[in-house]
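Each chain is listed here by its residues.
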Amino acid sequence: DVLDRVMKNISPDERTRSWKREHRYIESGLIPGRVRGQGWAGIWLIDASGSINAEWVNDMLSAVVGTPELAHSMVGVFDTQLSPIVPVSDREAIDDAIENCGGGTSIKAVGQFLDIRGYEDYPRVWLTDAYSSDGLPPQREQDVWVLFRRPEPRVVDYPRNC
C-alpha cells in the first residue's frame, strides 16, 4: 500500500533532457534528446526511538531499494534529532544512524528542521508510531504516514488521536 501511494506521485510522462549519439558512423557527436525521468526522490523518515519493529522497517527499506523508480530516495533517521540525510542505498549509514538513536521522539521538530534545511518541497514517508513529545508537523498532502503499531503497520493520511 505504501509503495502504491508513493508510485502514484510519479508521473509516467516525466521526461528529462539527455544527450545521446545520433549514430556511430556520423561524426556529429551527441544530439539532445529526452529520456524518462528519474522517478520519486522523496525522504523516508525512520523513527528510531526504539518503539517500532526493526523487522518491519527493514522489510520496507528492502522494498524501496528493490524498486527502480525509488532509487533516488533519501533516508533520515530520527528520535529527538534528525541524522544526516543519506541515499536509500547507503544501508551502512542508515544502520549506524539507527544504532545511535533510541531516546524520545520529537516529530514536529524533525519536520521543522527539514523545512529549514531546504527539504520543504520534498515528499516524505514517515515510518513511526506517531507518539511524539512535541506533537506532529502540519499536515501536508504529499506526505505518507506509516504507523508501526501492533498488530501490523497501517498507512494513514495523517495520524489522529496520538
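Located above this text is the structure these notes cover.
This one's a predicted model, so the numbers in the text were calculated from it and none came from an experiment.

A. Highlighting the packing of aromatic side chains. For the structure on display, the rule yields five aromatic pairs. Seen from their ring centres, Tyr119 and Tyr122 are 5.2 Å apart, and the 65 degrees between their planes marks the pair as edge-to-face. According to the relative accessible area criterion, Tyr122 is partly exposed, its value standing at 30%. Three or more aromatic residues link up through ring pairs in this structure, and these residues are Phe78, Trp126, Trp145 and Tyr158.

B. Geometry of unusual backbone geometry. With a phi close to 70 degrees, Ala130 is a non-glycine residue in the positive phi region. Inspection of the secondary structure puts Ala130 in the loop between β6 (124-128) and β7 (144-147).

C. Broad picture of the environment of Val86. In this fold, Val86 is placed in strand β5 (residues 86-87). A relative accessible area of 16% places Val86 in the buried class. C-alpha of Val86 to C-alpha of Val75: the two residues are eleven residues apart in sequence and 5.4 Å apart in space. The contact partners of Val86, leaving out residues within four places of it in the chain, are Met74, Val75, Ala93 and Ile94.

D. Inspection of a negative patch on the surface at higher detail. A contiguous patch of negative charge on the surface is contributed by Asp90, Glu92, Asp96 and Glu99. Counting through the fold element by element, Glu99 comes out in helix α3 (residues 91-99). In this structure Glu99 comes out as exposed when scored by relative accessible area, which is 66%.

Conventions adopted
Residues numbered from 1 in each chain as written. Predicted model: local features only at pLDDT ≥ 70, side-chain atom pairs only at ≥ 80, totals over all residues. Heavy atoms only, no water. Phe/Tyr/Trp six-rings, centres within 6.5 Å; stacked < 30°, edge-to-face > 60°. Buried < 20%, exposed > 50% of the residue type's maximum accessible area, 1.4 Å probe, protein only. Helix = DSSP H or I, 4+ residues; strand = E, 2+ residues; numbered from the N terminus. Contact = heavy atoms within 4.5 Å. Patch = residues over 30% accessible without salt bridge, like charges linked within 9 Å, V, L, I, M, F, W, Y side chains within 5 Å. Areas by Shrake-Rupley, 256 points an atom, 1.4 Å probe, with all protein chains shown as cover. Salt bridge = Lys/Arg side-chain N within 4 Å of Asp/Glu carboxyl O. Lys, Arg positive; Asp, Glu negative; His and termini not counted. Charge placed at Lys NZ, Arg CZ, Asp CG, Glu CD.

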